[in-house]
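Here is how the chains run, residue by residue.
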Amino acid sequence: MKTCLYALMALSFFVASCSGGDELRRASETIKADELREYTRTLGADSFMGRKPFTPGEEVTVAWLSGELERIGFRPAFGDSWFQEVPMVEITTVVDGKVVVSSGKKRIELSAPDDIAIESPSMKQVVVLDEIPMVFCGFGIVAPEYGWNDYAGLDVKGKCAVVLVNDPGLYTGDTTLFKGRTMTYYGRWTYKYEEAARQGAAAVIIIHEPVGAGYDYSIPRKSSISPGFYMEQAEGDITPCPVTGWFSAESASRIMSAEGYDVEILRKDACQAGFRGFELGSSISMKLLNSQVKNSSVNVAGILPGRLHPEECVVITAHWDHFGIGEAENGDSIYNGAVDNGTTMAWALEIGEAFTSLKKRPERSVIILFPTAEEQGLLGSSWFAANPPVEPQNIIACFNNDLLLPIGRMKDIMVTGFGQSDLDDMLAEAASRQGRYLMPDPNPETGMYFRSDHFPFAKAGIPALFARGNCDSREFGKEWAAAQEKDYIANKYHKPADNYYPDMNFDGIVEDARAVFDVAYRIVASEIRPQWKPGSEFANVR
Ligand SMILES: [Zn+2]
């Protein structure tokens, strides 16, 4: 099967290079630095008000994006509309009084949010947990491809599942166990919440640990006191656990030691294949007051219908939302998001224009999608992946980007989630045609593959790529590139200073856009269906 696929791919590369080579090059050259600059300057302007969902900034942004899609020759992707409504609910949770963990006469009182960070994705106004049993479920992972089931033999229905963050590969460094230090999706907190819900748990609480989480306890603490955004549940969806959250490392160790356990020893034990979870012997009680506000935002998308197979498509994505107007820093209160995600929307529009400039429309369709509410937890892209305008199995591939740094031409193309699918091999070919090389994300333990808009596609079984030049400047080398990224993260990322600056250099984003155009073109101009690599956690979804 594999051999057939590669033979087919090789054949179609050959065909493309004979018949479409010059045309591909010509279309690719419509991707230009000055156009990327103009798009970025516009999207990062104060008149877009920081592009926050549910605000006047949303109206300006989505109207402008649909206008640009039309101008470059796309048609509305949702029937006769450019917009797909994404129903969301904003939930604010207040913990009323203390959270109490008790067993027999022992009683531990925890204060939210300092000792325990609690959220409640529930439409109920009052949620009460009254002395429900706590069950230690190891890493909270059910992964058939690794022969791993932390819930085997456990009944957590109506109970509180207590789980460890990340996966056993990180703590053992054993590359035969999950993916070693590279975080699998099983390591992400979102997965742990979803699995606990599938098991019927009434609550799921993760034991915080900074290395495995990739951040301090201050992050879940802060997010627990901010309103959470959730998609409105569709009928038939598994309802999420009504109570989710994190124990700080200190409170977890108090709770465990009261029952005679040690968190570090439990973590070591839970890394062993065949580990069995158990009831902790204590129960947890809390009362939560929720307030819900329903609101909806929109995804924006255009389609270039395929000539022969319009029902099959590739999707190119770049989220449009950012943080709007907020707390001022250095006298600036507009969170313009020029790099997050203006440069990337520019990248998507330029790829779109390369497609419409082709003399002959390709066989399959191209969809350019600008999802909403990425910053709130990939909500727009999740909604699109669950409710696509074409049959889900006809989405052949997704190409997403985020945070494209305008720092000039790069030798590398950094693939976040390297080794997941055949798209890597196709991109490697495109990279070598540009005199570039592919490299894996140097920090795979942070699970970045699970933190942008390609991920809901991957979860739906659609091969999805998140790749950009990032680490090796053609002109100034690796250290310089690392310093640029560090400077952006420290001084501009999610801050009002993420503005358009005239010294931005778009030459590298030109090459990134051309590389993705190259790969996407070869897919829509052929019958190639890229596959997940064996061993990928998404290989068995479709
Ligand atoms: Zn972003």
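Presented here is a report on the structure given in the accompanying data block. Values in this document were obtained by computation on a predicted structure and should not be read as measured data.

Rules used throughout
Chains are numbered independently. Their residues run from 1 in the order of the written sequence. Whole-chain, interface and lining totals are the exception, using all residues; otherwise, since this is a predicted model, local features are given only for residues with pLDDT of at least 70 and side-chain atom pairs are given and counted only at 80 or more. Side-chain numbers here rest on the full set of heavy atoms in the structure, without hydrogens or water. Metal coordination here is assigned from N, O and S atoms located within 2.8 Å of the ion, or within 3.2 Å for Na, K and Ca; omission of water means that sites may look incomplete. Helix numbers and strand numbers start at the N terminus; a helix is a DSSP run of H or I with at least 4 residues, a strand a run of E with at least 2. Relative accessibility thresholds used throughout: buried, under 20% of the residue-type maximum; exposed, over 50%; partly exposed, between the two (1.4 Å probe, protein chains only). Paired rings are identified among Phe, Tyr and Trp, the last through its six-membered ring, by centres lying within 6.5 Å, and are further divided according to the angle between planes into stacked (under 30 degrees), edge-to-face (over 60) and tilted (the rest). A positively charged side chain is recorded as over a ring if its NZ (Lys) or CZ (Arg) lies within 6 Å of the ring centre. The angle to the ring normal must also be within 35 degrees. Directions pointing from the helix axis toward each C-beta atom define the arc. Residue types Ala, Val, Leu, Ile, Met, Phe, Trp, Tyr and Cys, when buried and joined through side-chain atoms within 4.5 Å, form a set referred to as a nonpolar core. Residues count as neighbours in contact if any of their non-hydrogen atoms are within 4.5 Å of one another. With axes taken as lines fitted to C-alpha atoms, and helix axes fitted only over the stretch in contact, angles between N-to-C directions fall between 0 and 180 degrees. Orientation labels follow simple angle bins: below 35 degrees gives roughly parallel, above 145 gives roughly antiparallel, 65 to 115 gives roughly perpendicular, and whatever is left gives oblique. Take the far helix as the reference: if the near one is turned anticlockwise from it by less than a right angle, the crossing is left-handed, and if turned clockwise, right-handed. Ten residues, namely Ala, Val, Leu, Ile, Met, Phe, Trp, Tyr, Cys and Pro, are considered nonpolar, four, namely Asp, Glu, Lys and Arg, are considered charged, and the remaining ones, Gly among them, are considered polar. Polar contact criterion, stated in full: a pair of N or O atoms within 3.5 Å, where within protein one must be able to donate a hydrogen and the other to accept it, and residues adjacent in sequence count only if both atoms are side-chain atoms. If DSSP finds at least two bridges between two strands, the strands pair. A pairing counts as a salt bridge when a side-chain nitrogen of Lys or Arg comes within 4 Å of a carboxyl oxygen of Asp or Glu.

So, the coordination of the zinc ion
Within the protein, His319 (NE2), Asp340 (OD) and Asp402 (OD) serve as the donor atoms for the zinc ion, at 2.0 to 2.2 Å. Along the chain, the residues donating to the zinc ion are arranged with the sequence spacing H-x20-D-x61-D. In this pair, His319 sits in the loop between strand 14 (309-317) and strand 15 (324-329) while Asp340 sits in helix 10 (residues 338-356), placing the two residues 21 residues apart along the sequence. When sorted by exposure, His319 lands in the same class as Asp340, which is buried.

Side note on the packing of aromatic side chains
Counted under the stated rule, the structure contains 28 aromatic pairs. Between the aromatic rings of Phe48 and Trp64, the centroid separation amounts to 5.9 Å while the plane-to-plane angle is 85°, which identifies the pairing as edge-to-face. Taken together, the positions of Phe48 in the loop between helix 2 (33-43) and helix 3 (56-71) and Trp64 in helix 3 put the pair 16 residues apart, joining distant regions of the chain. Arranged with centres 4.5 Å apart and planes meeting at 40°, the rings of Tyr146 and Phe178 form a pair that is tilted. Of this pair, Tyr146 sits in the loop between strand 7 (142-143) and strand 8 (148-149) while Phe178 sits in the loop between helix 4 (168-172) and helix 5 (189-198); the two residues are 32 residues apart in sequence, bridging distant segments of the chain. Using a relative accessible area of 24% as the deciding quantity, one classes Tyr146 as partly exposed. In textbook terms, an aromatic cluster arises when at least three aromatic residues are bridged by ring pairs, as seen for Tyr146, Trp148, Phe178, Tyr185, Tyr186, Tyr191, Tyr449, Phe450, Phe455, Trp532 and Phe538. Positioned above the aromatic ring of Tyr171, the side-chain terminus of Arg267 is 5.1 Å from the ring centre.

Here's the deal with helix 8 (residues 249-258)
All of the buried residues along helix 8 are Ser251, Ala252, Ile255 and Met256. Taken down its axis, helix 8 places every buried residue within 130° of arc, on the same side.

Quick notes on the nonpolar core
In this structure, Phe355, Phe370, Phe399 and Phe517 are the most contacted members of the largest nonpolar core, which totals 69 residues. Top contributing element to this core by residue count: helix 15 (residues 507-524), with 11 residues. Those residues in contact with Phe399, other than ones at most four positions away along the chain, are Val314, Val315, Ile316, Thr317, Trp347, Leu423, Leu465, Val516, Val519, Ala520 and Ile523. Formed by 65 residues, the second largest nonpolar core is a distinct cluster that contains Ile108, Ala203, Ile255 and Phe450.

Here's the deal with the packing of helix 2 against helix 3
The interhelical angle for the contact between helix 2 and helix 3, taken along N-to-C directions, is 160°, at an axis separation of 12 Å. In terms of orientation, helix 2 lies roughly antiparallel with respect to helix 3. In this structure, the crossing between helix 2 and helix 3 has a hand that is right-handed. For the pair helix 2 and helix 3, the contacting residues are Tyr39, Thr42 and Leu43 in the first and Trp64, Leu65, Glu68 and Arg71 in the second. Split into classes, the residues belonging to the contact of helix 2 with helix 3 amount to 4 nonpolar, 1 polar and 2 charged.

What to know about the side chain of His454
Among the secondary structure elements, His454 is positioned in helix 13 (residues 454-459). Since its relative accessible area comes to 0%, His454 is described here as buried. Among the polar contacts listed, one links the side chain of His454 to the backbone oxygen of Tyr449, at a separation of 2.7 Å. Discounting chain neighbours no more than four positions away, the residues touching His454 are Cys398, Asn400, Met448, Tyr449, Ala464, Leu465 and Phe466.

Here's the deal with unusual backbone geometry
Here Ala112 and Pro113 are connected by a cis peptide whose omega angle stands at 0°. Structurally, Pro113 is set in the loop between strand 4 (106-110) and strand 5 (116-119). Even without being a glycine, Phe178 presents a positive backbone phi close to 50°. For His494, which is not a glycine, the phi torsion comes out positive at approximately 60°. Structurally, the position occupied by His494 is in the loop between helix 14 (477-491) and helix 15.

Some words on the pairing of strand 15
Sheet topology note: the strand 15/strand 16 (residues 332-335) ladder contains 3 bridges and is antiparallel. Paired with Gly324 across the strands is Tyr335, a residue of strand 16. The turn joining strand 15 and strand 16, which pair antiparallel and follow one another in sequence, is formed by 2 residues; a positive phi near 50° is taken by Asn330.

Looking at the pattern of salt bridges
Opposite charge on two side chains makes pairing possible when the charged atoms of those side chains draw close. Summed over all chains, the structure comprises 24 salt bridges. With its nearest N and O atoms 3.3 Å apart, the salt bridge here joins Arg25 to Asp22. Taken together, the residues Arg25 and Asp22, both in helix 1 (residues 2-28) and 3 residues apart, mark about one turn of the helix. Across the pair Arg41 and Glu38 runs a salt bridge whose closest N-O atoms are separated by 2.7 Å. With Arg41 and Glu38 both in helix 2, this residue pair falls 3 residues apart, about one helical turn. Taking the relative accessible area as the measure of exposure, Arg41 reaches 39% and is therefore partly exposed. Of the residues examined, Glu38 reaches a relative accessible area of 39% and is grouped as partly exposed. Overlapping salt bridges bring together Glu429, Arg433, Asp518 and Arg522 as one network.

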